[in-house]
Amino acid sequence: MGTTPNEIFATAKRLSSFENLTEADLRAIVSRAYYAALHGVSECFIGKIQVNQTNTHELIIDKADRYGRSINPGRTEAKRITRNMYLFKKMRKAADYEIRDDFEKADANNALVLGESVLEDCGIVQQKLSHNQVV
Amino acid sequence: MIPTAKTKAQDLLSKLTALAGGRSRMSELQLAALRREAKESLKVDAFHGYMALGALASISWDEVALNSNHLCAINLSDTELAHRNYAVSLSGVLLYEKAAEEMIVAAEKEPENLATLRKAINFAVIAGMIGVAMNLYKKLSTRSTASDEDDFNARRIAGILRQTGINESEFHQGQSIVLDTLRRHRILPEVISTQVDEDPADPSVWVRFEINTSSQNAQVIHDEACVRLCEELPDGGHPAVLMFGIVGNC
């Protein structure tokens, strides 16, 4: 059956709505939000590929970066996606690997809005691309 | 030693310094009352009175009044205190480059005052002036073996820039763009922190500007800064290495 970036993001949002979240919950929110965004970017710029190779994260973000440097419609959004995804990658690294450091609710909230911003921008790029094809 | 009473202007200046963290919670009425008090104090202690007016102008984001009042204070007494207070007021409107310059002048007026030299390093790092921060750090290390986070961060940032071959000017310009974006919105960050990742496979410098608002509101301003970074940095910069983030704290 499979799933979609939006469904993965919905999981992050659902988790964030629960009460008495533990630090591990907060870290999981960041992780889910990041992967939702990563898959969204992948679908936007590469197509539906499996995210399971080493350096695939960089490959996906790099595709967005190259698109942003082109003259295609949606390049401003692509540039913003690139910057935000590199930042998001660091946030997710902190959430998943730097487990001895403190992690706050605000960190999870920031990840959620960052994920929303990236997915929204992906939507805009896809809209501009399909509009371009119709025209 | 016989203690001398503080003038009203000195008292006011101390009060404003203590209030620095809560400046966003001061009402226009409170500010107006303090301005009146400061103006009256000019007759008795113009030096501290002008510095208090400069500090109040900083809180109101009035750069013209900030500069004119502090320059009046400096004309009266060209001292470490005058330049230091000018620097602090400039940092209050996010003009960190000029704040660093003024704090350096203050440090030169009192070379034995290591706290002022440390503050100059702090302001230079926030302004993105890493070369300047490193030179100040070398000066500091001839006078003290103790180092703190800013000294350490300046060295680590310089290390990442060297390792990745990125010009210091990109970091400087990136910081300027984010600070300018916040200044346009008249938002003073609660915290500016720098996280340096020295992983040889994935080196990076992440400057985090934490502002007192929701994550949603912070993201809007962050995205604005993001577009500017993409458009104004030469060739879009190096987003994989130099990252700038504006985040909310609630």
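Quick look at the structure, then. (Residues numbered from 1 in each chain as written. Chains lettered and ligands numbered in written order. Predicted model: local features only at pLDDT ≥ 70, side-chain atom pairs only at ≥ 80, totals over all residues. Heavy atoms only, no water.)

## A few points about the overall build of chain A
For clarity, the threshold we go by: Helix numbering and strand numbering both begin at the N terminus, where a helix is a DSSP run of H or I of at least 4 residues and a strand a DSSP run of E of at least 2. Two things to know: the radius of gyration comes from C-alpha atoms, and the globule rule equals 2.2 Å times the number of residues to the power 0.38. Here the term buried applies to any residue with accessible area under 20% of the maximum for its type, exposed to any over 50%, and partly exposed to those in between, with areas from a 1.4 Å probe on protein chains only. Here, residues are in contact when the closest pair of their heavy atoms is within 4.5 Å. In short, Shrake-Rupley with a 1.4 Å probe defines the accessible areas, and a residue's cover is counted only from the protein chains shown. Here Asp and Glu are counted as negative and Lys and Arg as positive; His is not counted, and neither are the chain ends. Each charge is placed at NZ for Lys, CZ for Arg, CG for Asp and CD for Glu.
Across its full length, chain A carries five helices and zero strands. Reading chain A from its N end, one meets helices and strands in the order α-α-α-α-α. Radius of gyration (C-alpha) of chain A: 15 Å, near the 14 Å computed for a compact globule of 135 residues. Along the first, second and third principal axes, the C-alpha set of chain A runs to 50 × 30 × 25 Å. Residue burial in chain A is summarised as follows: out of 135 residues, 49% are buried. Of the contacts made within chain A by residues no fewer than 6 positions apart, 68% connect residues no fewer than 24 positions apart. Accessible surface, chain A as shown: approximately 7200 Å² in total, 48% of it carbon and sulfur. Separation between the mean location of the 19 positive side-chain charges and that of the 18 negative ones in chain A comes to 8 Å.

## Examining the environment of K93 of chain A
Among the secondary structure elements, K93 of chain A is positioned in helix α4 (residues 75–97). With 59 residues separating them in the primary sequence, K93 of chain A and Y34 of chain A have C-alpha atoms 9.9 Å apart.

## Some remarks on the interface of chain B and chain A
Put simply, the rule reads: Summed over both partners, buried area is the accessible surface (1.4 Å probe) that two parts give up on being assembled. Just to be clear on terms, a salt bridge is a Lys or Arg side-chain nitrogen sitting within 4 Å of an Asp or Glu carboxyl oxygen. For the purposes of these results, a polar contact is taken to be a pair of N or O atoms within 3.5 Å, where, inside protein, one atom must be able to donate a hydrogen and its partner to accept one; residues adjacent in sequence count only when each atom of the pair is a side-chain atom.
In this complex, chain B contributes 30 residues to the contact, which on the side of chain A involves 20 residues. Between chain B and chain A the total buried area reaches about 2100 Å² when both faces are included, carbon and sulfur atoms providing 56% of it. Counting across the chain B and chain A interface gives seven salt bridges. Between K90 of chain A and D197 of chain B there is a salt bridge whose closest N-O contact spans 2.8 Å. In this assembly, chain B and chain A are joined by 13 residue pairs in polar contact (both at pLDDT 80 or more).

## As for the pattern of salt bridges
Overall, the coordinates contain 25 salt bridges over all chains when judged by the stated rule. Put simply, E77 of chain A and K128 of chain A hold a salt bridge, and the shortest N to O gap is 3.1 Å. Of this pair, E77 of chain A sits in helix α4 while K128 of chain A sits in helix α5 (residues 105–134), and the two are 51 residues apart along the sequence. We note a salt bridge from D180 of chain B to R184 of chain B, for which the minimum N-O separation is 3.0 Å. Of this pair, D180 of chain B and R184 of chain B both sit in helix α10 (residues 168–184), four residues apart, roughly one helical turn. On the basis of relative accessible area, R184 of chain B is assigned to the exposed category, the value being 56%. Connected through salt bridges with shared partners, the residues E58, K89, K90 and K93 of chain A together with D197, D199 and D202 of chain B form a single ionic network.

## Describing helix α3 (residues 46–59) of chain B
Three- or four-residue spacings in an α-helix give side chains the same orientation, since the helix completes a turn every 3.6 residues. Residues and elements named next belong to chain B. Threshold: A helix's residues, less one, multiplied by 1.5 Å, set its expected span.
Look at α3: 20 Å from first C-alpha to last across 14 residues, which is about the 20 Å you get at 1.5 Å a residue. In terms of burial, α3 is largely enclosed, as twelve of its 14 residues are buried. Considered for burial, the residues of α3 that qualify are F47, H48, G49, M51, A52, L53, G54, A55, L56, A57, S58 and I59. Residue W61 follows α3 closely and has a positive phi angle near 60°.

## Re the sheet that holds strand β3 (residues 242–248) of chain B
Condition: We call two strands paired when DSSP finds no fewer than two bridges between them. Only the contacting stretch of a helix is used when fitting its axis, a line to C-alpha atoms as for every element, and angles between N-to-C directions run 0 to 180 degrees.
Here we have three strands laid out as an open sheet, ordered β1-β2-β3 (chain B), and mixed in their pairing. Looking at the sheet topology across the chains shown, the edges are occupied by β1 (191–197) and β3 of chain B. Across the sheet, the axes of successive neighbouring strands diverge by a mean angle of 20°, strand direction being ignored. As judged from the seven bridges shared by strand β2 (residues 204–211) of chain B and β3 of chain B, these two strands associate in the parallel manner. Within the sheet, the bridge partner assigned to I211 of chain B lies in β3 of chain B and is G248 of chain B. Contacting β1, β2 and β3 of chain B, α4 of chain A runs over the sheet at an angle of about 75° to β3 of chain B. Of the strands in this sheet, β2 and β3 of chain B touch helix α11 (residues 215–232) of chain B, which is tilted by about 155° from β3 of chain B.

## As for the side chain of Q219 of chain B
With respect to the element layout, Q219 of chain B can be found in helix α11. Q219 of chain B has contacts with N84, N110, V113, L114 and S117 of chain A, leaving out every residue within four places of it along the chain.

## So, the side chain of S16 of chain A
Residue and element names in this part refer to chain A. Topologically, S16 is positioned in helix α1 (residues 5–16). With a relative accessible area of 15%, S16 lands in the buried category. Once residues within four sequence positions are removed from consideration, S16 is found in contact with L21, I29, K105 and L112.

## Quick look at the packing of aromatic side chains
All names here are of chain A. For clarity, the cut-off: Here a Phe, Tyr or Trp ring, Trp counted by its six-membered ring, pairs with any other such ring whose centre lies within 6.5 Å, and the pair is stacked when the planes are under 30 degrees apart, edge-to-face when over 60, and tilted otherwise.
Overall, the coordinates contain five aromatic pairs over all chains when judged by the stated rule. Seen in terms of ring centroids, Y34 and Y35 are 5.2 Å apart; in terms of plane orientation they differ by 75°. Their pairing is edge-to-face. Arranged with centres 5.3 Å apart and planes meeting at 55°, the rings of F45 and Y67 form a pair that is tilted. Here Y67 lies in helix α3 (residues 56–68) and F45 lies in helix α2 (residues 23–45), a separation of 22 residues in the sequence. Y67 matches F45 in its accessibility class, with the two residues each being buried. Chaining the aromatic ring pairs together yields one cluster made of Y34, Y35 and F88.

Don't take any of this as a statement about function, it's just geometry.
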